[in-house]
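Structure assessment
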Amino acid sequence: MSRPRKVAMQVVKRSGATTHHVEFTIDDNFADRLRQLRSLVPPLHSMNRTRDLVIDKVRVRLPNAVWHCGAEGDNGVDGSCIVISADGFFNCGGKDRKTREKMVTYTFPIARLVELHAERPEGETFYLRDGIFTNDEPADSAAGQWVAALHEQEVVRPPEAPSDFDTLQGVPLRVEQGAHTPPSLRIN
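Residues numbered from 1 in each chain as written. Predicted model: local features only at pLDDT ≥ 70, side-chain atom pairs only at ≥ 80, totals over all residues. Heavy atoms only, no water.

Let's talk about the nonpolar core
Among the nonpolar cores identified, the biggest contains 30 residues, and Met9, Phe24, Trp67, Ile82, Phe90, Cys92 and Phe108 are the most heavily contacted of them. Those elements giving two or more residues to this core turn out to be strand E1 (5–12), strand E2 (21–26), helix H1 (28–40), strand E4 (66–69), strand E6 (77–85), strand E7 (89–96), helix H3 (110–119) and strand E10 (126–129). Ignoring any residue separated from it by four or fewer positions in sequence, one finds Cys92 in contact with Met9, Val22, Phe24, Leu62, Trp67, Cys81, Ile82, Met103, Val104 and Thr105. Counting five residues, the second-largest nonpolar core is a separate cluster that includes Tyr127, Trp146, Val147 and Leu150. (Core = buried A, V, L, I, M, F, W, Y, C linked by side-chain atoms within 4.5 Å. Buried < 20%, exposed > 50% of the residue type's maximum accessible area, 1.4 Å probe, protein only. Helix = DSSP H or I, 4+ residues; strand = E, 2+ residues; numbered from the N terminus. Contact = heavy atoms within 4.5 Å.)

Next comes the structure, spelled out in structure tokens:
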């Protein structure tokens, strides 16, 4: 069983605004992939600490993430990704297409996210602010106010469009539905 749920993580931008966040969907497969990707990162030990270059992170694309800058859903983000580190933490990153400013989230432990996914009610949205799981925080706390602010600005958005990132090399991009699409290629 897949058990999908949404995760909303606070995005740290130099420009401030505490409502910047990224949303993505996780399920059982996503949790397994996080664990597998972490296993690809070589552990740090005394032999490789002395080397000039040490790989201690893996960066993978996160194409279906929705980035929100203030009250608007943002399509202007390049390089949407998730970074998994050797010490078992992950964060999301991207770059604002207009300003070229880096956007990153605080790190969060992979093991804790997997544990929460297994234990918490199905379909519950996880809110992660300042690297802390905020769902159980009081409504008058900073975390509770942040979650309330996200709920206030929620708008119904159209379903996510196909992503150019999720195609295999050599496989053509998906055809989008539109007026200029021949009837034989239209998706119903």
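Observations regarding the pattern of salt bridges
Applying the stated criterion to the full structure yields nine salt bridges. Arg112 is the salt-bridge partner of Glu115, the closest N and O atoms lying 2.6 Å from each other. Here Glu115 and its partner Arg112 are both found in helix H3, three residues apart, which amounts to about one turn of the helix. Taking the relative accessible area as the measure of exposure, Glu115 reaches 37% and is therefore partly exposed. Overall, Arg112 belongs to the partly exposed group, its relative accessible area being 32%. (Salt bridge = Lys/Arg side-chain N within 4 Å of Asp/Glu carboxyl O.)

Points about the environment of Ile110
Of note, Ile110 is situated in helix H3. Ile110 sits in the buried class, given a relative accessible area of 3%. In this structure, the C-alpha to C-alpha distance between Ile110 and Phe90, residues 20 residues apart in sequence, is 6.4 Å. When residues no more than four places from it in sequence are discounted, the contact partners of Ile110 are Leu34, Arg38, Ile84, Gly88, Phe89 and Phe90.

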